[in-house]
Structure formats: C-alpha cells, structure tokens
Amino acid sequence: MKPHDLPPDAAPIAFTLDGQPQEARPGETLLQVAQRVGVALPHLCHQERLGSPGNCRACVVEIQGERVLAPSCCRAPQPGMVVHTASDRATSARRTVLELLLADAPDTSTRKHDSELAHWAGVAGARAGRFPGRLAAGQDLSHPAMAVNLDACIQCTRCVRACRDVQGNDVLGLAFRGGHAQIVFDQADPMGQSTCVACGECVQACPTGAIAPANGAFAQPATEKVDSVCPFCGVGCQLRYHVSEGRIQHVEGIAGPANDSRLCVKGRFGFDYAHSPERLTRPLIRRADAPKDPQAVQHRDWRELFREASWDEALDAAAAGLRRARDAYPGQGRASPVAGFGSAKGTNEEAYLFQKLIRSAFATHNVDHCTRLCHASSVAALMEGLGSAVVSNPLRDVAHADFVLLIGANPAQNHPVGASWIKNAVRQGTKLVLADPRRTELARHAWRHLGFQPGTDVALLNAMLHVIVQEGLTDPAYIAAHTRDFEAIRDHAADFSPEAMAPVCGIAPATIREVARAYAQAKAAMILWGMGVSQHTHGTDNARCLIALALVTGQIGRPGTGLHPLRGQNNVQGASDAGLIPMVLPDYQRVDDAAARRRAEALWGLPAGSLGAEPGLTVVEIMQAAQAGRVRAMLIQGENPAMSDPDAAHAREALARLDHLVVQDIFLTETAALADVVLPATAWPEKTGSVTNTDRCVQLGRRAVPAPGEARADAWITEQLARRLGLPWAYGVAPDGSASTDATQGIGAVYEEMRALMPSIRGLSWARLWREGAVTYPVADETDPGHAVVFTDGFPTPDGRARLVPSALRPPAEQPDAEYPLVLITGRQLEHWHTGSMTRRSVTLDALEPGPVLSLHPATAARLGLVAGAQACVRSRRGEVCLPVRVDEGMPANTAFIPFAYAEAAANLLTNPALDPLGKIAELKYCAVAVRPAGPD
C-alpha cells in the first residue's frame, strides 16, 4: 500500500536509523525514510512508480537482532526497530553486490551517461574487475526506435514492470534460469519482430542503458532540459525535452496529471519531425507559371510551385488577397466571401487570435477547425442535453470505475497512454465492455466485446436503454432531481427491445441485457467514446443515446462515472473553448446571444452590431461554398483539408478554385501546395503557449528549440495579418515563439484577453498558469484548485436540469449494394497521426509504419482473391486508391479499414461528405466501397 492510500491521520511509526530517532509515515519503506532524511542508499531494482521487488540487494541494511541483511526498498519500519545503514557488514555487502554486477557489464556510462549502476558503484566504492565476468550477452538492433544491449543488463526487471504493470503491454519478460536468465521480448523474439508497441517505458525505466534509444541519445548529457506537453493526441502528456545545440536529443515523460510520466511511441520517438529537412523556412509566393492543379498536390519540393519572398512581401500579398476578396464580393455572415480554418494543433492563444481575426476583419463567423471532422456531433448532443460540451470526468477516473463502456474508439492506437489507464483499471477489477465493429487491441482486456454491425450504434444503445427502463434499473431520485423529459425516453425505448434490435445490430439479446444490467447496477460506471460514434450522419443521435444511459442511471457527477468523448488532437478541446467554431464565441457562448456578442465587441474594440447573430459555415459547407464560387478567399492555419476532408478530390478542387488561399504551416502539405501564399510557422517545440487536453486540463507548453530559418510563430503571423487588414492589434507577440510571465504583452496579453471572455478559466491567470503548469477548469478564482469532476450538483442549463432526447433509427447515408458491397471504416494508427504531415516526417515513426495498408478479415480477403501483401484497389462513388492488403482477424467480414495519414493512398478520396443534420459532421466512418485485386484495367 502506498502512503497516499492510507488515512491522513494514521499514526507515525517511531524507530531508530543510524542512531537517530525517526518517524516513518505508514506505508513508507526503510529506503524511502532514508531518502527523506538524506541517507543515500544504493538501489537499482527500485523505482518509486514501479515498486520494489527487492531482487538486486544493492540497498541492504542491517537490522539489530536479525540474522540476515534486509533489502530496505521493500522492508517497512516497525515500532522500536533499530536500523544500521553504515555498518561494516551492510556497506561491504552493498559494495560486493555492485562489484558482482560490474563484473558482468561493460562501462554502462558509455550506454547511458547517467547510468545508475556507475553512479552507485562510485558512491559505494565498488571496483570493476574484482570478480571474473561472464560471456557478453547479445545485441539486438532490430528495432528502429530502440537498441538492446543485454551485456549492460543487470536483470533488475524494471523494464518488465514498466512494460507490464505500467503500460499493460505484456511484451517483456524474464526467461530461462540461473546464469542463463535474461530479459526477452515475447518468446525471445528480436525486439523489432515482437509485439512491442515502442512506448519506450522500458527505456525510461532502465538504469544502465541496456535498452536505450537507437540513435545513441543517452550517451551524452543534454545541455538543456525543457518541460512541455506532447504535441500529438488529446491525452495531454507532459514531457521533458533534452536539448543540445538547438536540437531535441531525446524525450522523457514527466509526472503530469494526465500521464504520470508515461508516453507512447509518438510522444517519445516522434519529436524529430521538428528538425525535418522538409521544414518550410522562408515565406513563399506562388510562381506565375505554376497553376493550381488539384490532381497533383504531393510536392516535396516547394521550388516546383513557389518563389521565396521576404516576410513583408509575403504578408502584404497575403493580406491584399484577402482584402481584395472582401471588397470585391461584399457579403457578411454566411455570405462572406472569406472564410478561415484554424488549427487544433496550435496553442489556445493562436486559436483565439485566429477566430478573432476572421470575425473582426471580415464580419463573418465562417471559421472552423478539425472538431467539425472529429467530435462536432458529440458537442452538439452534449450542448443540447447538458448545456456544456466538456467531459464530465478525466480519463484517469477509470481507476475509480467498476464498469467502463468504451464505444467507437481505439485508444490503444489513438490514445495509448489513456489505454494504459484502462488496462490498469481492468487489472484492479474494473469490467470493460468494448463496443466496436472491429476487435481491436483492448478486446483481450474486455469483459465483453460487442462487435456490432457498422452504423447500428443507435439500435444497440436504445436496446440497452430499453432493458434499463423496463427492468426498473433507472435511478428515479436522480431523474426527478436532475433531468427532464424522462417520459419521452421511457416511451421511446419501449419499442427497442433487445430481441427486436438484435437482427439490426448483430448482438445477441442476452448479451445486450447482461451488459445493460452491469452498467446500470455498477456503483460507478463511465462511458468513453471516440470518432466511431461521432463521425456518422446519425452521430448526434449516437451521443444522445450515451447521454441518456448516463442520466437515467445517475451515472454522472461522481468519481468514476460520467461521459468522456476522447478528444483526438492535442488541442481540439482548447481550440473549441477559444471559439474556433462557427456557431459560438469563446467559452461556447452562442453567436445568437446578443449579450455575448456585445461583450466580445466591447473587448475587441469593434462597433456595436458588427458581430452578426447568424452562425457561420462549417468545414464541409465552406468547401461547398468555395466550389460554388461563394467563398473566394481563405486563410488556413495548420490544417490540411486536402487530406482530412471527406471526398477529398472535391475539397482539392474547391481549394484550387479560390481566388486567394493563404496557408500557415510547417511543411508544404497537400493543402499548402494549392496556396497563393505560404507562411512558414513554428512547430510545437518552438513556441510557448497554453493547451487544453481532453480532461479540461489547461497546461503550459514551453519553447524548447529555435525555429529553423525565418519560420515565425503562428500568433505573430496572425497579428501581422490583422494589422495589414486594418485592425489596431498591439499585443507585441514575439516572432520567435518565446513568451514570459509578463501578462501585459505578447502571448501573456493574448491569454489574459481570452480569459476575460471565458468564465470557465476566470481564476486561472497567466501568472498562475506559468507558476503551476497545469490546472483543470472550471476554476472560479485564484484560490480555486480546479474541478476534475463536473455536474456534481446539476447542469449549466436554464433550469439546472439535463435534457433527455430520444433517438430514432436512421441508417447511414450510403448503403452497400451490388456494385459497392463492402463498408469502409477509416481512422488513425498508433505510429501516425491525423494526415501524417508531422509523423511521416519523423524518421522513426515512418520506419515503423512506412506505408498505407488495407485491412480485411481473412475470409473477406480470400473471397476477393487477395492475400497479405497483395495490391488491392478500393473504389467508392467518389474515387479510388490502391494499396497493399493486411489480413486482420479483428476486422468484421465485408468491411475494410484504411488509415487516413497517407497521401499516396488518401482514404478521404473515398469517404462520404454527407452531414449529420445537427452536428454538421461528415460520415467519415461509413461508406460503400468495392475492393478488387490491382492489375490491368
């Protein structure tokens, strides 16, 4: 038991340590007490977060009256115990243990400059060469990310515990016996051929460098260490950059609230995208002899399309084109000829400035970002039902849940550190139900896997509601106190018995009843969902059903309960909070709220009435308007709609039709290839700013390295454009992405202005964020610690009650038929993220997953005449891509899966742009396709 698990008033334990009276806290070990009072004891198998097996014996002490020495790392003090750490017997034993370890190892400081073995050997006075060594163990260089040198392995098993107990991956183990014992991957496979997911937890745990980064980054100390936040998924892991000569040498996880030092393969080994030779380093203006070709957007050399320009020339040209469109085609609101796509990959301050620019300079709310292609339907349903779109509980709350329903999400691939918390919870007894058409990695940890038919979420969830209502498993007191319209749900669910829905969703009635009962009767049940729920034309209905499940059972407002839509990108929550959505201002204040508009106008120095009440166009609607010639110019910051939008061929044609397109990015993406002006921006490690993760935790990302060439921070670029568009902005944002504690200028001033419009972070000042690094909103004042769990005593609706909304069955917009008989599902991979513009420029990540694949069930592949590795062509009503086959038994029959990170086989050339009527999200998770072997037409 750990000290923090014990009652705070537990009595201390009095004992003697080296002749001095000491008091141990209940749960402390002798080693922990010694460390606390400044007694240095060697230890190698012990690491605070991994526990202490006591197998290295480097920390032994002498306890008066006991015959044998005791390992201090796993021995608890007892009242009256007398302990000697410096006796001849104890120090000699520790020194001998270290000398025996040195005998079998090389100079481990050459593998890891801060080798713990070398350090403790020096402290103990241990001499290398006192004992004969064994034959050197082998080297394994089969993995692109990590090198294994077993000659440096001391079998402390920290790597095994890190892999199994922390990350829950079950890859590493200790095999064989006696002198032949060694650490192995799976069944003694080479690391590169094992099931290792390259989270690198073993690398961070290893005390000697026996497992280390393959690039030799541990050999030399870094000259600087900078704490920041991971730039990839929405989990928001905190990390530490180790920097030398302006380059990131390696990355380690630190004890952030979302990750507690854990990282995944992208966070640990994907940082080198920032140093890619393909980075944009100077502003670019399209050459007069380079027409825009929507059929040829893959350009790795900017010289084919652009010429270099100075910043003044490029900014002048960018602003002039936007101004020209505004003035030549008068129109406001949805009719504005100008629109903007912001980014969920930048900071909160960048998102705030971007939406302010579009709204202020062009009198329109035509501004959106990737949430429209991510969780827009979840946001719509949550706002409708709860009055708030935020998650009710943090992801780590699964540790307090008896039951977790995970639906339409694959966190083992998309939120790996989040998946590790789920696996940890299952090991402690939590029942996990995985509801997903595919049998993904977490299925082996699940109590039940509900492999329902794609597109039938509403049928399954309504059947669960039916069971809960009909069997009296609701929480009447909660319903009466905190909800409205229960009668509508009760009457609606009556028609959705498991027996009636089983033929629709493909799940047996008995299984539906079993799962519904387990959810309703759990002391604490939590629902997690992903884009498999939201990216449908009935995505809002899917989310409505999940909300209803939580409300009718009272499974919300307490630790281990609630609703958590897993945010995809690192700052999709923060960008949404900051107002980068066409129907709301910052903090989800609707644009049709006159008081909210007046507050924004006053703060921004705009004339009264200049902000319209009509919501703007969404991502897909903007593309449709551009194709039709209604939107004539666009500003795009850090987004890649030429890859991410559904029916990507249509999106590329729409972008090419624009009179003027300005793109801010770090690479020449497929979208930037269609631009008139390209402005080189800073990557995440090159700027300071705040970011908000999926848990509502606002965290500070710090600048670690300089940007290459003339690349400039996005916030600086936005401020410069605003000035050229006639807005008197004077934040003084630093062009190099730096910031300080000063809240009167630069990024601090932007944050403080944003905070003035956001009641949710009213108590989180720039100075406090700089000081504390991470605070979870809502936070009312400077003394408020923040609130991880919300909706504890009601909801932010006019009457304080949540609304229950029934959901009818509606099929996907496009059904398989004789010509297109398969269903296509798209998504992300573990190694690659979003459109691949960052991760595919990481040497390690691209080596791990270098190309696109089409995943098919073995029976489906055999029926189509395909085998693993064969080339197949996938065709929909919108396009065709060809790529190799991967046979996957976890796939449902007659279903195909393609990741969307690969420009050479862009999955979104195939997907359907049909929209959810409320969330306006496209049906990216379902369309009809035909698959055939590639070959001559």
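A. Representation of the overall build of the protein. The secondary structure content of the protein amounts to 28 helices and 40 strands. Taken over C-alpha atoms, the radius of gyration comes to 29 Å for the protein, in line with the 30 Å a tight globule of 937 residues would show. Expressed along its principal axes, the backbone C-alpha trace of the protein runs to roughly 90 × 70 × 65 Å. A buried classification covers 63% of the 937 residues belonging to the protein. In the protein, the proportion of contacts linking residues at least 24 apart, taken out of those at least 6 apart, comes to 72%. Accessible surface computed for the protein: about 32800 Å², of which carbon and sulfur atoms make up 51%. Charge centroids of the protein, computed over 90 positive and 98 negative side chains, lie 1 Å from each other.

B. Representation of the sheet that holds strand 11 (residues 224–229) in the model. With antiparallel pairing, the three strands of this open sheet are ordered in space as 11-12-13. Whereas interior strands pair on both sides, the edge strands pair on one side only; in this sheet they are strand 11 and strand 13 (247–253). Within this sheet the neighbouring strands show an average axis-to-axis angle of 30°, counted without direction.

C. View of the pairing of strand 30 (residues 697–701). In terms of residue burial, strand 30 counts as a mostly covered element, since five of its five residues are buried. The side-chain alternation of strand 30 yields two buried faces, one formed by C697, Q699 and G701 and the other by V698 and L700. Two elements, strand 29 (residues 689–692) and strand 30, share four bridges in a ladder whose sense is antiparallel. In the sheet register, S690 faces strand 30, and the bridge partner there is L700. From the end of strand 29 to the start of strand 30, which pair antiparallel, there are four residues, and R696 there has a positive phi angle of about 75°.

D. Up close: helix 15 (residues 498–505). Residues P498, M501, A502 and C505 constitute the buried set of helix 15. Viewed end-on, helix 15 has its buried residues packed into an arc of 120°, placing them on one side of the element. Residues of helix 15 that are buried in the fold lie against helix 12 (457–470) and helix 16 (509–521). Count one or two residues on from helix 15 and you reach G506, which has phi positive near 85°.

E. Spotlight on the sheet that holds strand 18 (residues 403–407). Read from one edge of the open sheet, five strands run 20-19-18-22-23, paired in parallel fashion. Two strands close off the open sheet at either side, each with one partner strand: strand 20 (448–450) and strand 23 (562–565). For this sheet, the mean inter-axis angle between neighbouring strands, taken without regard to orientation, is 15°. Across three bridges, strand 19 (residues 431–435) lies against strand 20 in parallel orientation. When the sheet's bridge partners are listed, A435 is paired in strand 20 with L450.

F. Expanded view of the state of the cysteines. In the structure shown here, the tally under the stated rule is one disulfide. Sulfur of C74: no disulfide; nearest cysteine sulfur belongs to C73 and is 4.1 Å away. Not engaged in a disulfide, the cysteine C153 finds its nearest cysteine sulfur in C159; these two sulfurs lie 6.1 Å apart.

G. A look at the packing of aromatic side chains. Under the defined criterion, the tally for this structure stands at nine aromatic pairs. Measuring from centroid to centroid gives 5.3 Å for W311 and W716, while their planes differ by 90°, and the two rings are edge-to-face. One end of the pair, W311, is in helix 7 (residues 311–328); the other, W716, is in helix 24 (residues 714–724), with 405 residues separating them in the sequence. Both residues of the pair, W311 and W716, count as buried. Taking 5.8 Å as the distance between ring centres and 55° as the angle between the ring planes, the aromatic pair formed by W766 and W770 counts as tilted. Here the residue W766 and the residue W770 both occupy positions in helix 26 (residues 766–772), the gap between them amounting to four residues, near one helical turn. Among the residues examined, W766 registers a relative accessible area of 0% and is labelled buried. R438 extends its terminal NZ or CZ atom over the ring of F897, reaching a point 3.9 Å from the ring centre. Positioned over the ring face of F667 is R841, at 4.3 Å from the centre of the ring.

H. Looking closely at the packing of helix 7 against helix 24. Axis separation between helix 7 and helix 24 bottoms out at 9 Å; the angle between their running directions is 60°. Classed by the angle they form, the pair helix 7 and helix 24 counts as oblique. The way helix 7 lies across helix 24 gives a crossing that is right-handed. On the side of helix 7, the interface is formed by W311, D312, L315, D316, A318, A319 and R323, while helix 24 contributes W716, I717, Q720, L721 and R724. Its residues assigned to classes, the contact of helix 7 with helix 24 comprises seven nonpolar, one polar and four charged.

I. A look at empty space enclosed by the protein. Going through the model one piece at a time under the given rule, you end up with 13 cavities of 30 Å³ or more. Looking at the largest cavity, it is lined by 35 residues, and the ones nearest its centre are M531, G532, Q535, T826 and K925. Elements with a minimum of two residues in the lining of the largest cavity: helix 17 (531–534) and strand 33 (822–827). The dominant element in the lining of the largest cavity, judged by the number of residues it contributes, is strand 33, at three residues. Looking at the lining of the largest cavity residue by residue, the classes come out as 14 nonpolar, 16 polar and five charged. Put simply, the second largest cavity is a space of about 210 Å³. For the second largest cavity, the lining is made up of 19 residues, of which K345, G638, I666, T682 and K687 are closest to its centre.

Definitions and limits used
- Residues numbered from 1 in each chain as written.
- Predicted model: local features only at pLDDT ≥ 70, side-chain atom pairs only at ≥ 80, totals over all residues.
- Heavy atoms only, no water.
- Helix = DSSP H or I, 4+ residues; strand = E, 2+ residues; numbered from the N terminus.
- Rg over C-alpha atoms; globule rule 2.2 N^0.38 Å.
- Buried < 20%, exposed > 50% of the residue type's maximum accessible area, 1.4 Å probe, protein only.
- Contact = heavy atoms within 4.5 Å.
- Areas by Shrake-Rupley, 256 points an atom, 1.4 Å probe, with all protein chains shown as cover.
- Lys, Arg positive; Asp, Glu negative; His and termini not counted.
- Charge placed at Lys NZ, Arg CZ, Asp CG, Glu CD.
- Pairing = 2+ DSSP bridges.
- Axes fitted to C-alpha atoms, helices over the stretch in contact; angles between N-to-C directions.
- Arc of directions from axis to C-beta.
- Disulfide = S-S within 2.5 Å.
- Phe/Tyr/Trp six-rings, centres within 6.5 Å; stacked < 30°, edge-to-face > 60°.
- Lys NZ or Arg CZ within 6 Å of the ring centre and 35° of its normal.
- Parallel < 35°, antiparallel > 145°, perpendicular 65-115°, else oblique.
- Left-handed = near helix turned anticlockwise from the far one by under 90°.
- Nonpolar A, V, L, I, M, F, W, Y, C, P; charged D, E, K, R; others polar.
- 1 Å grid on protein atoms, 1.4 Å probe; cavity = no way out; pocket = protein on both sides within 12 Å on 5 of 7 lines; lining within 4 Å.
- Points joined across faces, edges and corners; volume = space filled by probe spheres on them.

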